[in-house]
Structure formats: structure tokens, C-alpha cells
Amino acid sequence: MQELLILCFVGALLMLDNAAAFQILVSQPLFASPILGWIGGDATLGFQLGFLLQLIWLSNMPIGAAVVPEGNFGSIAAVILALRLVKNFPQLEYFIIFVVILYGLLGSYFGAKTVTFIRHWNQQYLQRLLLKLKQNNPVQLGWVIFVSLVFNVVVVFIVFIVMTVIMEKGLGLIFPYMPEEINRIGHHAQIAIIGAGLGLTLTLFKGKRYWTLYLIGVLLGGAIIFYDTIG
Amino acid sequence: MTQSDKLEKLSLRDVWAVLWRSFFVQAAWNFKSMISVGFCYALSPIAKKVCKNKEEYIDFLKRHLGFFNAHPYFASYAIGAIARLEQERHLNNKANDENIEKFKNALIGPLGAVGDQCCWAVIRPASLIFGLTGLAFTDNLIWKTGVLLLTLILYNIPHIYIRVQGILDGYRSGFDVYKKIRIDNYQKMIVLFKTIAIIGLGMLVVWNLDQAIRLDWKAILLFTVTMFGAFLMRSKKRMFYTPVLLSMVLAIIVGVI
């Protein structure tokens, strides 16, 4: 339980970087997953999930004030669940990766709802500030920002815990009856996810003028793989 | 002595105070005033300097808590410019409440558009592709961690540069800051990051093809179908969930047969 609390708390802190503070990139799955992996005692799984989840969400851009599916939220929730499940069912690791990626997609929907809830709460907080100003009372903006950040962390922390406990209990009932052969799906799922992720990401940089650069990338990648193979 | 000579220059301490606060510009994001609370917070060190009493400070907060939105990094340009205009307003009334408000509203569009095009559409995906490529081509955890640190540096150099330059340029330019907020001014950076992204994507395609070849012929087929399928669905119909879910369904089918 203590480990779950720590993972959810760190996940909630990392989620601050998503929009509320800094935005230095650490909330992205590529960074958040290995960090949680290190804390949860399985850095390799963290790196592996970070890679897959990042590819899925790479093409998803926040434009203006639109609330988009919260890929970072879903990804952090997915990594926390994966760390818990793999510890209990190590024989199903590849299948668990497949399951948590689906769960991450679902989690992104709850993430968007959570962000909307926090933003509505901030709006009510703003109304109180404006009322205070109307009565000619000054407000401490540093305190306002601090309270908003704390509220953000608390809400996200609670949602992470609830989601993880429900899923862990639910899947814990099914997984003992799963045969190990089901991992085959997990192996192929990784190839399929990377394929889909690359396909989505390629749309960010499309056009004939980029073909030369793509060719350079393909040749460079091919050369490294060739060098590794003969080495 | 000209009017602008009377303007107090921003000290390093002021710039640092504003820069630090600008990292929290979206902390109290809400649907009514968007980023205005964070924007006010970033400006507060300047407000405390120019406002002579509590009433003036309250008036400052009332004026700036109304509505404002911008890309979080590029908001620094507005922060710098408004810092100057607030000083001018208190010194010589060169800037007044009405034109400061109009100016702020006029900046919302360009700051959002340039920020999205520059940071969200190019610098961020390019940095992440750099990181993904590094992870794909390295085996041990130490190297992988090193790649992540490099990625963090690669992304945050332009990020911090935009924030600092925004405050300084905004303060120097005042009303003329809109001349600085043009995508052309970031063209070199965009070209560099696009080059990194595209070469990285090419490398990732080859890497995953190699992984598929090592598995079996079905994996090669799966990779090809999911990549082209996702590309077409995203390009033509702006779909996101469907290609990912379809790829999972295909993985189940291929895994079972």
C-alpha cells in the first residue's frame, strides 16, 4: 500500500508539469514512466512502457484552450498499474503491457475529465478572489498559485489511487487463470503499437520536401543495425 | 530628457523574479479568465515596484485578472511588454488602462499561434523523437538515462530561451513587441528541430522493421499495415483512437492465429 501511495503521489507531482507548472517535459511518458519505474523497482519496464506510450501520444497536440485527451495522465496511470501487476504476475508481463496500454487510452478520457474539474474549481476560486478585490482587500497571488497547485496534486492523486485499486482488484481476479501463451499477443502488440504510433507521428512531418531527410534517417538507422549485427 | 529615460531598467533580480513566476503561468488556469491569474502573478514583482499603495495594487489586480490567454512560453513576451507599459502608465500616462487592455487582447492570437506552431508542433515532438530514437538504439539503462537527460537539455534550451528572451524583448519593445512575435523569427530553430525529428523518425521505422523481422513474417505485415493504416486515418480523417485500437485488435488476431 505504501508503494502505491508513493507512486500515485509522484505521478500526481509529475502531472503538474503537464500544464500547471514548469512544462519542462517530465510529465511526458518518455520521462514519467522511467521515473516511476525507478521508484517502483522496475526501471526496465518503465523505459519500455515510456517508449510505447510516448509513441502513441506524440502526435496529439494541445491547441489553444482545447481540452484534449490527457495522454500524460493516462500514461502515468498505466505505468502505476503495470508496476503493480507485473510484480504479482511476472509470467504475464507482455500481456500486462498490452492491457495497460488499453487502460492508458481509457485513462486519458478520465484525465480530460479530471483536468476539466480542476479548471472549474479554479474558476470558482477566481470568483472568490474577485469578490475579495471588490471589497478592497488585497490578495496574495503566491498563496493563490500554491493553493491551486496543491488542489491539482490532491485531485490527481486521489483519481490515480481509485483507478489503480479498482483495476488491480478486478484484473487480480482474472489473471491467475490466464495461460502464459497469452504473452504472444503482447509481443505482437508492441510491434503494432509502434507501427500505429509511427504512422500517427509521420503525419506531423509529411511532404515531398522531407523525403531526403527520411532517407538519411533510414540509411543511418540501417547502418547502425548492420554494424550491431556484424559486431 | 525623454520620457523613456525615466523608465527604471529591469534588474537581474526583477528578471529572475518574473521568470520564476512565469513557470506557473497556467497554475490557476480556468475557463473564465484562462491564464490571467498566473499572468498577474508573473507581473506581481513589477506591480509591487510601481504601485505606490494598496489601492493601486488592488486596481492593478482588478485590471489584469479579467481575461488573458497565450501559449505558456510565449506569454513571456506579453509579461515583459505589460511590465514596461505598467511602468509607463505610472510614470507619465503614456500608456493608459484602455490601450493596455486593447494591446493585451491583440496579443492573444499571435502569441497562441506562434507558440503552438513553434513549440507544440515542432520543438516538443522533435525532442521526444530524439529521445525515442536514443532509447531504441541503446541497450543498457545508464545509456538510456543519459539519452533522457540529453533530451531534456535539447528541449529546455529553446524553452528557457523563449521565456527569457520574451521578457527582455517585451520589456524593450513595449507596444512594438508584436514585431518580435513572428514565426519567421524562429525559422532557424524550427528547421533544425524538424531535421532532428525527421531523421529520427526514419531511424525508428528501420529499427521497428528490424524488430518485426526478428519476430516473424506476420509481425512484418502487422507493422506495415498498422503504420500505413494509422498514417492514412490520421491524415484523411484526423482520427486518433481508432488507429490505435485497430492496431491492438490486429495484434490480438495475429497473436492468436
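Residues numbered from 1 in each chain as written. Chains lettered and ligands numbered in written order. Predicted model: local features only at pLDDT ≥ 70, side-chain atom pairs only at ≥ 80, totals over all residues. Heavy atoms only, no water.

**Focus on the interface of chain B and chain A**
Contacts between the two partners involve 89 residues from chain B and, on the opposite side, 89 residues from chain A. Of the roughly 8,100 Å² buried between chain B and chain A, counting both surfaces, carbon and sulfur atoms make up 78%. Here chain B is connected to chain A by 0 salt bridges. If you look at where chain B meets chain A, you find 16 residue pairs in polar contact (both at pLDDT 80 or more). Of all the secondary-structure elements, those providing two or more residues to the side of chain B that touches chain A are helix 2 (36-50), helix 3 (54-64), helix 5 (97-137), helix 6 (141-173), helix 7 (187-215), helix 8 (217-237) and helix 9 (241-256) of chain B. Counting residues per element, the side of chain B that touches chain A draws most heavily on helix 7 of chain B, at 18 residues. Across the side of chain B that touches chain A, the residue classes break down as 59 nonpolar, 18 polar and 12 charged. (Contact = heavy atoms within 4.5 Å. Buried area = accessible area lost by both parts, 1.4 Å probe. Salt bridge = Lys/Arg side-chain N within 4 Å of Asp/Glu carboxyl O. Polar contact = N/O pair within 3.5 Å; in protein donor to acceptor, adjacent residues only side chain to side chain. Helix = DSSP H or I, 4+ residues; strand = E, 2+ residues; numbered from the N terminus. Nonpolar A, V, L, I, M, F, W, Y, C, P; charged D, E, K, R; others polar.)

**Quick look at the packing of helix 1 (residues 2-16) of chain A against helix 2 (residues 29-40) of chain A**
Residue and element names in this part refer to chain A. Running from N to C, helix 1 and helix 2 point in directions that differ by 155 degrees, and their axes come no closer than 10 Å. Comparing the axis directions of helix 1 and helix 2 gives the class roughly antiparallel. Our pair here, helix 1 against helix 2, has a crossing hand that is right-handed. Of the residues in helix 2, those in contact with Glu3, Ile6, Leu7, Val10, Gly11 and Leu14 of helix 1 are Ala32, Ile35, Leu36, Ile39 and Gly40. Looking at the contact of helix 1 with helix 2 residue by residue, the class counts come to 8 nonpolar, 2 polar and 1 charged. (Axes fitted to C-alpha atoms, helices over the stretch in contact; angles between N-to-C directions. Parallel < 35°, antiparallel > 145°, perpendicular 65-115°, else oblique. Left-handed = near helix turned anticlockwise from the far one by under 90°.)

**Observations concerning the confidence of the model for chain B**
All names here are of chain B. This prediction gives chain B a mean pLDDT of 93; 97% of its residues lie at or above 70. Of all the helices and strands in chain B, helix 4 (residues 75-92) carries the lowest mean pLDDT, 92, while helix 6 carries the highest, 97. Reported confidences for the modelled complex are a pTM of 0.96 and an ipTM of 0.96. (pLDDT = per-residue confidence, 0-100.)

**A few points about the packing of aromatic side chains**
On inspection of all chains with the given rule, the structure shows 27 aromatic pairs over all chains. Relative to Phe151 of chain A, the ring of Trp121 of chain A lies with its centre 3.8 Å away and its plane at 15 degrees, an arrangement referred to as stacked. In this pair, Trp121 of chain A is assigned in helix 5 (residues 93-134) and Phe151 of chain A in helix 6 (residues 141-174), connecting sequence segments 30 residues apart. Of the residues examined, Trp121 of chain A reaches a relative accessible area of 22% and is grouped as partly exposed. By the ring-pair criterion, three or more aromatic residues cluster together here, those being Phe22 of chain A together with Trp16, Trp20, Phe23 and Phe24 of chain B. Its end group placed over the ring of Trp120 of chain B, Arg124 of chain B keeps NZ or CZ at 4.6 Å from the ring centre. (Phe/Tyr/Trp six-rings, centres within 6.5 Å; stacked < 30°, edge-to-face > 60°. Buried < 20%, exposed > 50% of the residue type's maximum accessible area, 1.4 Å probe, protein only. Lys NZ or Arg CZ within 6 Å of the ring centre and 35° of its normal.)

**Side note on the packing of helix 6 of chain A against helix 2 of chain B**
The relative placement of two packed helices is expressed as an angle between their axes plus a distance between the axes. Across the interface, helix 6 of chain A lies against helix 2 of chain B with an axial gap of 9 Å and an inter-helix angle of 135 degrees. Between helix 6 of chain A and helix 2 of chain B, the angle falls in the class oblique. Remark: the crossing between helix 6 of chain A and helix 2 of chain B carries left-handed chirality. Taking contact as the criterion, the partners of Leu141, Gly142, Val144 and Ile145 of chain A in helix 6 of chain A are, on helix 2 of chain B, Val37, Gly38, Cys40 and Tyr41 of chain B. Of the residues belonging to the contact of helix 6 of chain A with helix 2 of chain B, the class tally is 6 nonpolar, 2 polar and no charged.

**Points about the nonpolar core**
Among the nonpolar cores identified, the biggest contains 174 residues, and Phe51 of chain A together with Phe74 of chain B are the most heavily contacted of them. When residues in this core are grouped by element, the largest group, 18 residues, is from helix 5 of chain B. Residues within four places of Phe51 of chain A in sequence aside, it is in contact with Ile194 of chain A together with Leu132, Leu135, Ala136, Leu204 and Trp207 of chain B. (Core = buried A, V, L, I, M, F, W, Y, C linked by side-chain atoms within 4.5 Å.)

**Topic: the environment of Ile24 of chain A**
With respect to the helices and strands, the residue Ile24 of chain A is situated in the loop between helix 1 and helix 2. Here Ile24 of chain A falls in the partly exposed class, since its relative accessible area comes to 25%. Setting aside residues up to four positions removed in sequence, Ile24 of chain A forms contacts with Asp17 of chain A together with Leu152, Tyr155, Asn156 and His159 of chain B.

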